[in-house]
Structure formats: structure tokens, C-alpha cells
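Observations on the model geometry
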Amino acid sequence: MTTSDDLWLINVRWVSVDGTHQVGPIRLERGRLALGSTAEIPTNAKVVDGRGGLVFPGLVDPHVHLREPGRAYKEGIANGTAAALAGGVTTVLDMPNDQPPTTSPGLVAAKKRRFASQSVTHFRLFQQATMQGPTRVATDIAGAKVYLARASSAAPVTTVARLSRIFAAFPLVAIHAELEEHLLAPTAGPHHLRRPVAALTAGLTLVEEALRRLPAGRRPRLVLCHVTGHAELAWLRRMKSEGFDVWGETCPHYLLLTQDDAVAAGAALQVNPPLRNAQDRDALWAALQDGTIDFLATDHAPHTPAEKASPLPPSGVPGLEWLGPFLVTLAITGRISWRRAVELGCANAASCYDLTGHSGLQEGCAANLALYVDCRTALPVLTRAGYCPYPDFGFAVRVAATFLDGEQRYCNHLLTGELQ
């Protein structure tokens with residue numbers, strides 16, 4: 001039933017879950033989608049004229065660091081989720097290496113209250129598992145996050161025995177696979193040499209041994225975070241072929257940049273794990289095509305410009321507000337298919353993390369979507385990091401508006417406003 005409270009998008013085409021393009025009005029009916037509606041638009045209805053733009057599903061970014069609690073000055077929940085909307089992202093999964101790290105159900109609950117009061121997107125949270133725990137597992141979380149190298153004040157997980165106990169406790173575990181003992185001192189040459197591929201291969205050996213210690217029925221789903229190249233891809237392909245429930249995630253910066261770019265740019269492109277060589281980058285593109293990589297994430301990890309300019313700069317790059325334009329540009333230019341774009345941007349992450357209703361534009365699903373238009377002018381940067389890590393990428397589109405549960409939440413760098 002059509003009511004004056006419905007929001008209508010007209011003069012748009014949209015990308016369906018199978019990657020095909022459809023044309024016709026979209027009705028956002030009580031937060032749900034009515035696609036290609038033939039109903040008459042009420043004279044007093046709220047209407048957004050898309051002016052020939054493209055509607056793509058709201059993205060799921062399954063790996064962000066919004067730095068709250070403890071370091072909100074770097075980003076913060078409110079600012080970070082606003083940047084997400086600017087990138088066409090309507091769901092974020094936030095990592096737990098906060099101050100203090102989110103290692104217990106009580107800390108998860110406190111962080112969840114912060115997000116509920118400040119976030120302008122949907123969200124899920126991770127609980128960090130460490131050498132000391134967890135003693136209890138929080139409910140309604142995305143899963144556990146395990147760091148094999150130090151990423152907060154909590155100790156990294158470095159033994160097979162502890163990792164096996166964590167695997168037995170959590171149904172889903174996301175892994176940062178660099179192993180601490182293989183990392184070199186911060187002054188020992190370029191960043192990619194201080195964090196060598198050997199740290200990853202050793203970490204993956206530890207992870208595999210811990211998984212194999214458990215019977216098949218007690219193993220968790222495992223997400224290998226921010227895959228950088230050949231070493232992780234070979235491991236993923238082998239483990240998938242053996243029937244392990246493992247998923248691969250990579251980020252735009254690993255697809256667009258190399259360690260040579262990092263050496264030239266300095267701290268702005270210092271990230272963990274480091275950027276790899278051109279052969280690793282090319283291998284990631286192949287894995288994007290063949291399905292070894294299941295979904296994209298930004299690993300949005302902002303630091304202030306002053307911190308990045310310091311003698312010992314922290315690792316991490318921003319990315320949230322460019323994820324949608326990056327992904328849609330890949331499909332427009334033929335680097336990936338439109339169906340693959342939907343899989344990489346939302347459908348596979350929604351399947352992995354059991355995010356019902358976030359798999360794409362389907363009749364009756366939650367009305368989480370973004371409107372893309374030609375990119376004629378760059379919009380101001382929202383993230384407190386203050387820069388885009390890949391300014392030379394030729395974005396074909398920008399996000400003109402983002403809708404969350406049927407309501408327009410972002411428009412041309414504003415959280416409210418008319419489409420311009």
C-alpha cells in the first residue's frame with residue numbers, strides 16, 4: 001500500500017543481486033524496498049530525483065577502526081560512520097584494539113552503547129581474544145578478532161594451544177596473521193622489510209595447526225583479514241580446497257598500490273600488513289576474479305596528520321569514504337562484473353557474518369542503498385586522517401546520497417539535505 005510517508009527514488013537505474021541493471025522508480029516503503037514500483041506516486045510524497053544516477057546496494061565494510069573508546073580524536077564513531085555514508089557504506093564492523101582493548105563482554109556492552117548513541121550506520125562489533133582470554137564470550141558480536149602481533153595494550157596470541165582454545169570458544173574468528181616473533185625493530189629499514197612475508201607464512205602455519213587440533217565440528221569460521229598477496233592466497237586456496245570454512249578479505253590499497261609507492265610516499269602509506277610488490281598486487285586482482293577473495297574491506301585505520309608526520313609514525317590508512325566509488329568504478333570500467341561487485345561489496349560479507357537483509361537490492365529487503373552520479377568534482381575529505389591514500393585512481397562516480405532503512409542520511413557531504 002502506497003502512503004505519503006514513503007520515499008520515492010525516480011529517474012534511476014539500479015543493480016540487482018545478480019548484477020543486472022534495472023530501470024524504474026524505487027519505493028522505500030517503511031524501510032523496505034519496492035523495486036520498479038508501478039504504483040502511482042502520491043502528490044504529497046517525498047521524491048528524490050536521481051537524474052539518471054545509479055543505485056547500488058549499501059555496502060558492508062567488515063573491517064574498520066573508528067578508534068573509540070580511547071582515541072576518538074583520531075576519528076570517532078560519529079565522524080567515522082559519517083565518512084562511511086559518504087562512501088556508500090551502510091554497515092560497519094568495528095575492530096576491538098581500542099584503549100582499553102575490547103576483550104570482555106562488559107567492555108563490548110559499553111562500546112555497543114557508545115555506537116548506539118552515535119553511529120549513523122548499522123554496526124557490529126568484535127571482541128578481542130588474547131593470551132589471557134577470553135574467560136567469557138560476548139553475545140551478539142561479529143566474532144573474535146585475533147592478532148598474532150601486538151596491535152593494542154593486550155598481548156598478541158602466539159601459541160597453538162591458546163589459539164586452539166580461542167577457536168573452540170568462538171563460532172567466527174577474524175585473524176591478523178603476522179606473527180610477532182618475525183617482526184623487526186621499527187628502525188630496521190623500510191616498513192615492508194620490518195614486517196616481512198615470513199611473518200605471515202609463520203602465522204598461517206600457526207593458524208592451520210590450531211585449526212587441525214580441533215575436530216571438524218568444533219572449528220570456527222575463519223576470516224583471513226587484509227590479504228596482501230601470493231602467500232595468503234596460496235594458503236586460502238589450499239584450505240578451501242580441503243573443506244575448511246575460511247574466507248578471504250582484501251582492501252583497495254593492496255589492489256592499487258605497492259611497496260614502491262609506500263617507500264615514495266612515506267608514512268601516509270604505512271600500513272599493517274605492509275603493501276607488497278607488483279606481482280602480489282597482480283595476484284590479488286586474479287583472486288578477485290576467481291573467487292579466492294570473498295569480500296572487500298577498507299581496514300579504515302586513521303591517524304592524525306601530526307601523528308603520521310612524527311619520527312615513528314603509526315601504521316594505518318583511511319578508506320571508508322572511497323569504498324563505494326572504488327567498487328562501482330571497477331564494474332563500470334570492466335575490471336570486475338556487476339554481479340561480482342555486489343558479492344564483494346555486500347553479499348558475501350553479509351553471508352559470512354550473518355547480516356540478514358544486507359545482501360543486495362531485493363524486493364522487501366532493508367532499504368540500505370546509495371545513489372551514484374558522475375564524478376565531476378572531488379568532495380571534501382571527511383575522515384580526520386585528512387587524505388585519500390589513492391588520489392591517482394580515476395574514480396568514475398561519487399556518492400550523491402545514501403539511504404539507511406529507507407531514510408536519506410547523507411547527501412553531497414551533508415548528513416541531511418536536498419540532492420544537488
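The structure contained in this document is the topic of the report that follows. Because the structure is a prediction, the values reported are computed rather than measured.

Side note on the pairing of strand S6 (residues 59-64)
- Counting buried positions along S6 yields six of six residues, so the element is predominantly enclosed.
- Inspection of the sheet shows S6 paired to strand S7 (residues 89-94) by four bridges, in the parallel sense. Bridge pairing in S7 places Asp61 opposite Val92.
- Taken together, S6, helix H1 (residues 77-86) and S7 constitute a β-α-β crossover, and its handedness is right-handed.

Remarks on the pairing of strand S5 (residues 46-57)
- Here strand S1 (residues 7-15) runs beside S5; their pairing, made up of seven bridges, is parallel. Bridge assignment links Leu9 to a residue of S5, and that residue is Val48.
- Summarising the sheet, S5 and strand S14 (residues 369-374) pair through four bridges and their orientation is antiparallel. In the strand pairing of S14, Pro57 is matched with Leu369.

Things to note about empty space enclosed by the protein
- Applying the stated criterion to the full structure yields one cavity of 30 Å³ or more.
- Surrounding the largest cavity, Pro57, Gly58, Thr90, Gly357, His358, Ser359, Gly360, Ala366 and Asn368 form its lining.
- Along the lines of polarity and charge, the residues of the lining of the largest cavity split into two nonpolar, seven polar and no charged.

Some words on the pattern of salt bridges
- Across all of its chains, the model carries 21 salt bridges by this definition.
- The closest approach of N and O atoms between Lys74 and Glu307, which form a salt bridge, is 2.8 Å. Here the residue Lys74 occupies a position in the loop between S6 and H1, and Glu307 occupies one in helix H10 (residues 305-308), the gap between them amounting to 233 residues. Here Lys74 matches Glu307 in class, with each residue buried.
- With a shortest N-O distance of 3.8 Å, Glu343 and Arg339 are connected by a salt bridge. Here Glu343 and its partner Arg339 are both found in helix H12 (residues 338-352), four residues apart, which amounts to about one turn of the helix.

Parameters and conventions
Residues numbered from 1 in each chain as written. Predicted model: local features only at pLDDT ≥ 70, side-chain atom pairs only at ≥ 80, totals over all residues. Heavy atoms only, no water. Buried < 20%, exposed > 50% of the residue type's maximum accessible area, 1.4 Å probe, protein only. Helix = DSSP H or I, 4+ residues; strand = E, 2+ residues; numbered from the N terminus. Pairing = 2+ DSSP bridges. Right-handed = clockwise from strand over helix to strand, strands pointing away. 1 Å grid on protein atoms, 1.4 Å probe; cavity = no way out; pocket = protein on both sides within 12 Å on 5 of 7 lines; lining within 4 Å. Points joined across faces, edges and corners; volume = space filled by probe spheres on them. Nonpolar A, V, L, I, M, F, W, Y, C, P; charged D, E, K, R; others polar. Salt bridge = Lys/Arg side-chain N within 4 Å of Asp/Glu carboxyl O.

Spatial relationships are all this shows, so hold off on functional conclusions.
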